[in-house]
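# Secondary and tertiary structure notes
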Amino acid sequence: MATAVATARPGQVLADLLPASRVRDTALVLGGAGLVGIAAQIAVPVPGSPVPVTGQTFAALLVGTALGAGRGLAALVVYALAGLAGVPWFAQGGSGTSVSFGYILGMVLASAVVGALARRGADRSVLRMAGTMVLGEAIIYAIGVPYLALAADMSASAAIAAGLTPFLLGDALKAALAMGALPTAWKFLNR
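Residues numbered from 1 in each chain as written. Predicted model: local features only at pLDDT ≥ 70, side-chain atom pairs only at ≥ 80, totals over all residues. Heavy atoms only, no water.

Bringing the overall build of the protein into the picture now. Counting secondary structure elements, the protein contains seven helices and two strands. Overall, the protein shows an N-to-C arrangement of helices and strands of α-β-β-α-α-α-α-α-α. Taken over the C-alpha trace, the protein has a radius of gyration of 17 Å; the compact-globule value for 191 residues is 16 Å, and the two agree within 12%. Its C-alpha atoms give the protein principal-axis dimensions of roughly 55 × 35 × 20 Å. (Helix = DSSP H or I, 4+ residues; strand = E, 2+ residues; numbered from the N terminus. Rg over C-alpha atoms; globule rule 2.2 N^0.38 Å.)

The following block contains the structure:
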């Protein structure tokens, strides 16, 4: 017997459209952590930077937006703790701490912030989604770049050159994908 998907209401995120249960929430949190871990394996080394371009940030922001602040935060905490415990699902199969671990810490916070904004409808239009993604990326960099500077013993300008500047174009493309995907999902579901 098929279970009907709930009708969208204000104050909901996409995950809220599934029938509510603890099993649902657990599956969404674990699935969100897994999605970020899989996306982290899509990695391209950046010449002159110890940080690769990955699908990890896009997945973290997508998870936060689709699951909401609480479940999104939980998913990224599970991701971070499992990686610290040795699960090889950080960028390029890494685990534990590295010079890029600050970006993961930033993703934890960013997932909660974009999830809270999504609950207020930020994922329902292209323009609001653009602002949400830019804010999420800014949070990730605000934690990741200073961490990189400290962990790699770099100056602030060297950390910006190695850990921010090379990623701006890719992040703009990731934001464009999210700007199209999430509002389109809501339009489809609201038919």
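Having seen the structure, we can now continue with the description.
This part takes up the packing of aromatic side chains. One pass over the structure, following the stated rule, counts five aromatic pairs. The interplanar angle of 45° and the centroid separation of 5.3 Å between the aromatic rings of Tyr 79 and Trp 89 together place this pair among those described as tilted. With a gap of 10 residues between them, Tyr 79 in helix H3 (residues 69–84) and Trp 89 in the loop between H3 and helix H4 (101–119) connect regions that are remote in the sequence. You can call Tyr 79 buried: its relative accessible area is 0%. Taking the relative accessible area as the measure of exposure, Trp 89 reaches 17% and is therefore buried. Taken together, a centroid distance of 6.3 Å and an interplanar angle of 90° make the contact between Tyr 103 and Tyr 141 edge-to-face. Of this pair, Tyr 103 sits in helix H4 while Tyr 141 sits in helix H5 (residues 126–151); the two residues are 38 residues apart in sequence, bridging distant segments of the chain. Members of the aromatic cluster, connected to one another through ring pairs, are Tyr 79, Trp 89, Phe 90, Phe 101 and Tyr 147. (Phe/Tyr/Trp six-rings, centres within 6.5 Å; stacked < 30°, edge-to-face > 60°. Buried < 20%, exposed > 50% of the residue type's maximum accessible area, 1.4 Å probe, protein only.)

The backbone phi angle of Gln 92 is positive, close to 55°, even though this residue is not glycine. You can see Gln 92 is positioned in the loop between H3 and H4. The phi angle at Asp 153 is positive, at roughly 50°, despite the residue not being glycine. Within the secondary structure, Asp 153 sits in the loop between H5 and helix H6 (156–163). Taking the relative accessible area as the measure of exposure, Asp 153 reaches 73% and is therefore exposed.

Next up on the list: empty space enclosed by the protein. Applying the stated criterion to the full structure yields one cavity of 30 Å³ or more. Taken as a whole, the largest cavity encloses approximately 200 Å³ of empty space. For the lining of the largest cavity, the elements supplying multiple residues, two or more each, are strand S2 (53–54), helix H2 (56–67), H4, H5 and helix H7 (168–189). Classifying every residue of the lining of the largest cavity by side-chain character gives 11 nonpolar, four polar and two charged. (1 Å grid on protein atoms, 1.4 Å probe; cavity = no way out; pocket = protein on both sides within 12 Å on 5 of 7 lines; lining within 4 Å. Points joined across faces, edges and corners; volume = space filled by probe spheres on them. Nonpolar A, V, L, I, M, F, W, Y, C, P; charged D, E, K, R; others polar.)

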